[in-house]
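# Examining the three-dimensional arrangement
What follows is the residue order along each chain.
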Protein chains: 2
Amino acid sequence: MPHPKVREDSLLEALQGVFCRHGFEGASLSLIADATGLQRASLYHRFPDGKAGMAVAVLERVLATFGSTVLAPLSKPGDPAARVRQTAKQLGEFYAGGKRSCLLETLSLGAPAPAVRAAVQRALRAAIDAFAAVARECGASPAEAARRAEQALVEVQGALVVARVSGDIKPFERVLKALPERITGD
Amino acid sequence: MPHPKVREDSLLEALQGVFCRHGFEGASLSLIADATGLQRASLYHRFPDGKAGMAVAVLERVLATFGSTVLAPLSKPGDPAARVRQTAKQLGEFYAGGKRSCLLETLSLGAPAPAVRAAVQRALRAAIDAFAAVARECGASPAEAARRAEQALVEVQGALVVARVSGDIKPFERVLKALPERITGD
DNA sequence: GTCTATAGCTTGATAGAC
DNA sequence: GTCTATCAAGCTATAGAC
């Protein structure tokens, strides 16, 4: 593809926005066409598997960028607490300070295609594993590390939902601030 | 209405299930008709405002039953911690042990009608206020009580999302177990 | 690689018989 | 109060020109 009208990256970014705001069933192709600037037929050329293929592609790209930006500090050397603080900061940017919903939530609603479900689960697993690895470094047992990582994910997801419903991002900010101690165990 | 084919209560219960699983945009009238056993036209007779009216009716009914069962222990006399424990137990049943999503989450996705948005916000506010009142009884300042109540809601919502994505209800069970100390402050 | 055009179905909602 | 029948508009997806 020498001259795509819309580059892969901005295409996926626009797709992400729509899936983020409307979920899988709510993301109609008209909405997607408007957001991407491509016609329906062009979208099917880029994503032969249709809407499900678009969702999987978005999830895979998010998993990649999420890993290389948000989760990257977690697997670097240095003080664990400082690394988690850095990741908390990245999380704040990734979710636009709490104003953006998480694809794992929005794309898991309804009856998504099996490929979408699987991609969502992979992404959640990756995030949990990354947090758990840091907790282990802090001396937690495997079971305890998993518990802390899951709790961290629970709080982030919950804060995003509460923020969407209430319009109040303060709970999200508090969750991010408390994130390091949730992982290190104080 | 002397002889409705489907009684108001079971009608709303079926509606709740569909909105719960699919959200507002994903809950099509065909899905709703199948779940309720009524034809589309009959649904419009019962809910002249259409799908938005159905969602609001479900939210109002849930707010009522939620208040009279789940939140009721919170406003009774007696040991605050014991009352929150009772509410945690009720929460577990209300959300089917973590296998059922929360309407506040599913109905806030997409671009719901203003009336739906408002009903969702009212319900969230009622839950937060009920928890905050107990926290105040335990000696928390208004600001601290609000913080604890919001944190409790955040954890419940987050655990339900994680449970839906991963199929693992253990984080939800842990959240319920920790709920009393979240409110009382230990 | 993108487009216009269209197929075929489903959507939310209404009209009117019973 | 529920139904069948229907509407216009929306939907996902495809065909084929450029």
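Residues numbered from 1 in each chain as written. Chains lettered and ligands numbered in written order. Predicted model: local features only at pLDDT ≥ 70, side-chain atom pairs only at ≥ 80, totals over all residues. Heavy atoms only, no water.

Within chain A, the secondary structure is distributed over nine helices and zero strands. Going residue by residue from the N terminus, the α and β elements of chain A occur as α-α-α-α-α-α-α-α-α. The C-alpha radius of gyration computed for chain A amounts to 17 Å, which stays within 12% of the reference 16 Å derived for 186 residues, consistent with globular compactness. For chain A, the spread of C-alpha atoms along the three principal axes comes to 55 × 35 × 30 Å. Within chain A, the fraction of its 186 residues that count as buried is 53%. Taking the intrachain contacts of chain A between residues at least 6 apart in sequence as the baseline, contacts between residues at least 24 apart amount to 67%. (Helix = DSSP H or I, 4+ residues; strand = E, 2+ residues; numbered from the N terminus. Rg over C-alpha atoms; globule rule 2.2 N^0.38 Å. Buried < 20%, exposed > 50% of the residue type's maximum accessible area, 1.4 Å probe, protein only. Contact = heavy atoms within 4.5 Å.)

Below, the discussion takes up the interface of chain A and chain B. Of the residues lining the interface, 36 residues belong to chain A; the matching set on chain B comes to 36 residues. For the pairing of chain A and chain B, the buried interface totals around 2900 Å² over both sides, and the portion due to carbon and sulfur atoms is 62%. Looking at the side of chain A facing chain B, the largest losses of area belong to Leu-109, Val-154 and Val-165 of chain A, adding up to 22% of the total buried there. Counting the contacts that link chain A with chain B gives two salt bridges. When the shortest N-O distance is used, the salt bridge between Glu-150 of chain B and Arg-174 of chain A registers 2.5 Å. Our count for the chain A to chain B interface comes out at 16 residue pairs in polar contact (both at pLDDT 80 or more). Looking at the side of chain A that touches chain B, the elements with two or more residues in it are α1 (8-26), α6 (103-106), α7 (114-137), α8 (142-166) and α9 (170-184) of chain A. The element that contributes the greatest number of residues to the side of chain A that touches chain B is α8 of chain A, accounting for 14 residues. For the side of chain A that touches chain B, the class distribution of residues is 14 nonpolar, eleven polar and eleven charged. (Buried area = accessible area lost by both parts, 1.4 Å probe. Salt bridge = Lys/Arg side-chain N within 4 Å of Asp/Glu carboxyl O. Polar contact = N/O pair within 3.5 Å; in protein donor to acceptor, adjacent residues only side chain to side chain. Nonpolar A, V, L, I, M, F, W, Y, C, P; charged D, E, K, R; others polar.)

Our focus in this paragraph is the packing of α7 of chain A against helix α8 (residues 142-166) of chain B. Remark: α7 of chain A packs on α8 of chain B, axes separated minimally by 9 Å, with the N-to-C direction vectors making an angle of 125 degrees. Comparing the axis directions of α7 of chain A and α8 of chain B gives the class oblique. Two secondary-structure elements touch here, α7 of chain A through Arg-117, Val-120, Gln-121 and Leu-124 of chain A and α8 of chain B through Val-162, Arg-164, Val-165 and Ser-166 of chain B. Per-class residue counts for the contact of α7 of chain A with α8 of chain B are four nonpolar, two polar and two charged. (Axes fitted to C-alpha atoms, helices over the stretch in contact; angles between N-to-C directions. Parallel < 35°, antiparallel > 145°, perpendicular 65-115°, else oblique.)

For the pair of chain copies, the relating operation is a rotation around an axis with a shift along it. With an axial shift of 0.0 Å and an RMSD of 0.0 Å, the rotation relating chain A to chain B amounts to 180 degrees. Taken together, the rotation and translation describe the operation of a two-fold axis. Considering only C-alpha atoms, the part of chain A nearest the rotation axis is Gly-158 of chain A, at 1.7 Å. (Least-squares fit on C-alpha atoms with pLDDT ≥ 70 in both.)

Time to look at the nonpolar core. Core analysis: the biggest nonpolar cluster contains 128 residues, and Phe-19 of chain A together with Phe-19 of chain B have the highest contact counts within it. Other than its neighbours up to four places away in sequence, Phe-19 of chain A contacts Phe-24, Ala-27, Ile-32, Lys-51, Met-54, Ala-55, Val-58, Leu-103, Thr-106 and Leu-107 of chain A. (Core = buried A, V, L, I, M, F, W, Y, C linked by side-chain atoms within 4.5 Å.)

Another aspect to go through is the environment of Ala-163 of chain A. Residue and element names in this part refer to chain A. Note that Ala-163 resides in helix α8. According to the relative accessible area criterion, Ala-163 is buried, its value standing at 5%. A sequence separation of 62 residues divides Ala-163 from Ser-101, and the C-alpha atoms of the two residues are 8.7 Å apart. Sequence-distant contacts of Ala-163, that is, excluding residues within four places in its chain, are made with Gly-98 and Asp-168.

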